[in-house]
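Geometric and topological summary
Okay, here's what each chain looks like letter by letter:
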Amino acid sequence: MSRFDTYFLMKEADVIEYVKAKYPDFFAPEAVLTVKEIGDGNLNYVFRVIEEATGKSIIVKQAGVSLRISAEMKVSTDRNRIESEILQIQDKYAPGLVPKIYGYDTVMCACAMEDLSDHALMRYALMRHETFPRFAEDISTYMVNTLLKTTDVAMEHKEKKAMVKSFINPELCEITEDLVLTEPYNDCNHRNNVFPPIADFVKKELYEDEALKLAVAKIKFEFMNNAQALIHGDLHSGSIFANEQGIKVIDPEFAFYGPMGYDIGNVIGNLFFAWANKAYTGGSAETQTALEQTIRETCDKTAEKLAAEYDKLVTFPLYRAPAFRKAYLDGVMADSYGYAGTEIIRRVVGDSKVIEVTSVTDPAQRLPMERALIDLGIYLIKNRAGGLNGAAVTEEFRKILAEGRGTHGQNG
């Protein structure tokens, strides 16, 4: 009987034995292996196993039974099964844009996958002023192909419903519903982490704005009830590896059937953190211009490719009707801008922040930066159905930067 026939949370010392037992053909029998735990997220333990002589490597990712930041927050280990299956599905729809999966272990709740050490995690690379000219092209292709091809307008209906059933993910959906779409607007569970100098601003602009809360309630309801596409569920710059050749999207453990706009909006929202960081900490004009262009292209290429793929994939006559087509595609992009707004706000005032914000320690820089981001988030939420595009949202942020505070739209 193998010691891996019963679940336990592995340490580094266990992983080499695990790889040799479960993947005996990956390395040569006499290979000398080293291992290091490299996970920096809240949910999983990620181990890189390397053969010293050749540099050949493999990643082992194991799900723990609770969050790494809080033993009290229990989460289902089934998320790694979901992630493994999702990545294999996405590799079919968007080949080359996700890591290869070598196997999933239902007992140890661990998957083995391609090592992406020749790529850089995009969030940190952007902080280092690196640029990725292919990013907008690749991420728009990834999103359009993995999202639209898993919807009712493109799939056979019974097959789609079976996939909805397979990828129900209530525990991790609840995290999003609470931490992203509820608490930033009322701090009902007292988990928000508000920078003290902007506490009064947050109270007035978020907690006391009834029109904003109505808009967010609608967005949250959409998230909970629109089983539109198989979404990644946590698609941000910390879930994307990139190099000059392209990108690889990782960590779809929050995946479930939800609104396409949630993934698209998360990507758009997180790109603004890099821009804001550079704007308030003295980043070069060239870097800021490159980020602005990346945001514009990501917004517009996604919309353009959605429309083009819709025309290729959709055959049902009622769905091909011009009025329905326009309403469907406009709705996806409106959702996208709304969710971009909720992502920006939650990363500023919620308990799960981003390094672009937390690394700014000078209050004279951080205070206006956080206010500017909140203003942008509010604008995106309230004006999401106003026909926004890449130029509109980047010009709005330039306006906010120039004025110190943007004006809020009035649409709910």
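Because the structure is predicted, anything quoted here is derived from the model rather than measured.

Secondary-structure assignment places Gly 55 in the loop between strand 2 (44-51) and strand 3 (57-63). With a relative accessible area of 44%, Gly 55 lands in the partly exposed category. Sequence spacing of Gly 55 and Leu 33 is 22 residues, and the spatial spacing of their C-alpha atoms is 9.5 Å.

Turning next to the sheet that holds strand 11 (residues 246-249). With antiparallel pairing, 3 strands are arranged side by side in an open sheet as 8-10-11. Since the sheet does not close on itself, it has two edges, and those belong to strand 8 (120-121) and strand 11, each with one partner. Running at roughly 35° to strand 11, helix 4 (residues 135-148) makes contact with strand 10 (240-243) and strand 11 of the sheet.

This brings us to the sheet that holds strand 3. If you walk across this open sheet you meet the 5 strands as 1-2-3-7-6, and the pairing is antiparallel. The open sheet terminates on both sides in strands that have one partner only, identified here as strand 1 (33-37) and strand 6 (101-105). Taking each pair of neighbouring strands and ignoring which way they run, the sheet shows an average axis angle of 20°. Contacts from helix 1 (residues 12-22) reach strand 1, strand 2, strand 3, strand 6 and strand 7 (110-113) within the one sheet, and its direction differs from that of strand 1 by about 125°. Seen against the sheet, helix 2 (residues 79-93) touches strand 2, strand 3, strand 6 and strand 7 and runs at an angle of roughly 155° to strand 6.

Before going further, it helps to spend a moment on the side chain of His 236. Inspection of the secondary structure puts His 236 in the loop between strand 9 (229-231) and strand 10. Residue His 236 is classed as buried on the basis of its relative accessible area of 11%. Engagement of the side chain of His 236 in a polar contact is seen with the side chain of Arg 123, the distance being 3.3 Å.

Quick reminder: α-helices carry 3.6 residues per turn. Residues three or four places apart thus point the same way. Helix length check: helix 14 (residues 363-382) (20 residues) gives 28 Å between terminal C-alpha atoms against 28 Å at 1.5 Å per residue, within 8%. Among the 20 residues in helix 14, 14 count as buried, and that is most of the element. The N-cap of helix 14, judged by a side-chain oxygen 2.9 Å from the amide nitrogen of Ala 364 a few residues on, is Asp 362.

Attention now goes to the packing of aromatic side chains. Counted by the stated rule, this structure contains 14 aromatic pairs. Relative to Phe 8, the ring of Phe 4 lies with its centre 6.0 Å away and its plane at 20°, an arrangement referred to as stacked. Judged by relative accessible area, which is 22%, Phe 8 ranks as partly exposed. Ring centres of Phe 26 and Tyr 102 lie 5.3 Å apart, and the angle between their planes is 50°; this geometry places the pair in the tilted category. Of the two residues, Phe 26 is situated in the loop between helix 1 and strand 1 and Tyr 102 in strand 6; the sequence distance between them amounts to 76 residues. A network of ring pairs unites the aromatic residues Tyr 310, Phe 316, Tyr 319, Phe 324 and Tyr 328 as a single cluster. Over the face of the ring belonging to Phe 26 we find Lys 56, whose NZ or CZ atom lies 4.5 Å from the ring centre.

A separate point is the pattern of salt bridges. For the structure shown, the criterion picks out 31 salt bridges. Linking Arg 3 and Asp 14 is a salt bridge whose minimum nitrogen-to-oxygen distance equals 2.9 Å. Residue Arg 3 is found in the segment before helix 1, and its partner Asp 14 is found in helix 1; the two are separated by 11 residues along the sequence. Look at Asp 14 and you get buried, because its relative accessible area is 12%. Of the charged contacts in the structure, one is a salt bridge between Glu 183 and Arg 191, with a shortest N-O distance of 2.5 Å. Residue class for Arg 191 comes out partly exposed when judged on its relative accessible area of 29%. Residues joined in a network through salt bridges with shared partners are Lys 61, Glu 83, Asp 251 and Glu 253.

Our next topic: the confidence of the model for the protein chain. Taken over all residues, the pLDDT of the protein chain has a mean of 94, while the share at 70 or more is 95%. pLDDT under 50 marks residues 406-412. Its contacts with residues more than four places away, or in other chains, come to 18 contacts.

Here the focus is the pairing of strand 10. Residues Ile 240 and Ala 242 point to one face of strand 10 and Phe 241 and Asn 243 to the other, with burial holding for every one of them. Judged from the 2 bridges that link them, strand 8 and strand 10 form a sheet pairing that is antiparallel. Counterpart to Ala 120 in the pairing with strand 10 is Ala 242. Direction of pairing for strand 10 relative to strand 11: antiparallel, over a ladder of 4 bridges.

Once that is clear, we can look at unusual backbone geometry. Although it is not a glycine, His 129 sits at a positive phi angle of roughly 70°. Inspection of the secondary structure puts His 129 in the loop between helix 3 (122-127) and helix 4. Here His 190, not a glycine, exhibits a phi torsion of approximately 55°, which is positive. If you trace the backbone, His 190 turns up in the loop between helix 6 (170-179) and helix 7 (199-207).

Most of strand 2 is tucked away, with 6 of its 8 residues classed as buried. Note: strand 1 against strand 2, 5 bridges, orientation antiparallel. Looking at strand 2, one finds that Leu 33 is bridged to Glu 51. The sheet contact formed by strand 2 and strand 3 spans 7 bridges and is antiparallel. By the bridge assignment, Val 49 is partnered in strand 3 with Ile 58. Linking strand 2 back to strand 3 in an antiparallel pair, the connection comprises 5 residues, with Gly 55 at a positive phi of about 80°.

Cut-offs applied
- Residues numbered from 1 in each chain as written.
- Predicted model: local features only at pLDDT ≥ 70, side-chain atom pairs only at ≥ 80, totals over all residues.
- Heavy atoms only, no water.
- Helix = DSSP H or I, 4+ residues; strand = E, 2+ residues; numbered from the N terminus.
- Buried < 20%, exposed > 50% of the residue type's maximum accessible area, 1.4 Å probe, protein only.
- Pairing = 2+ DSSP bridges.
- Contact = heavy atoms within 4.5 Å.
- Axes fitted to C-alpha atoms, helices over the stretch in contact; angles between N-to-C directions.
- Polar contact = N/O pair within 3.5 Å; in protein donor to acceptor, adjacent residues only side chain to side chain.
- Expected span 1.5 Å × (residues − 1).
- Phe/Tyr/Trp six-rings, centres within 6.5 Å; stacked < 30°, edge-to-face > 60°.
- Lys NZ or Arg CZ within 6 Å of the ring centre and 35° of its normal.
- Salt bridge = Lys/Arg side-chain N within 4 Å of Asp/Glu carboxyl O.
- pLDDT = per-residue confidence, 0-100.

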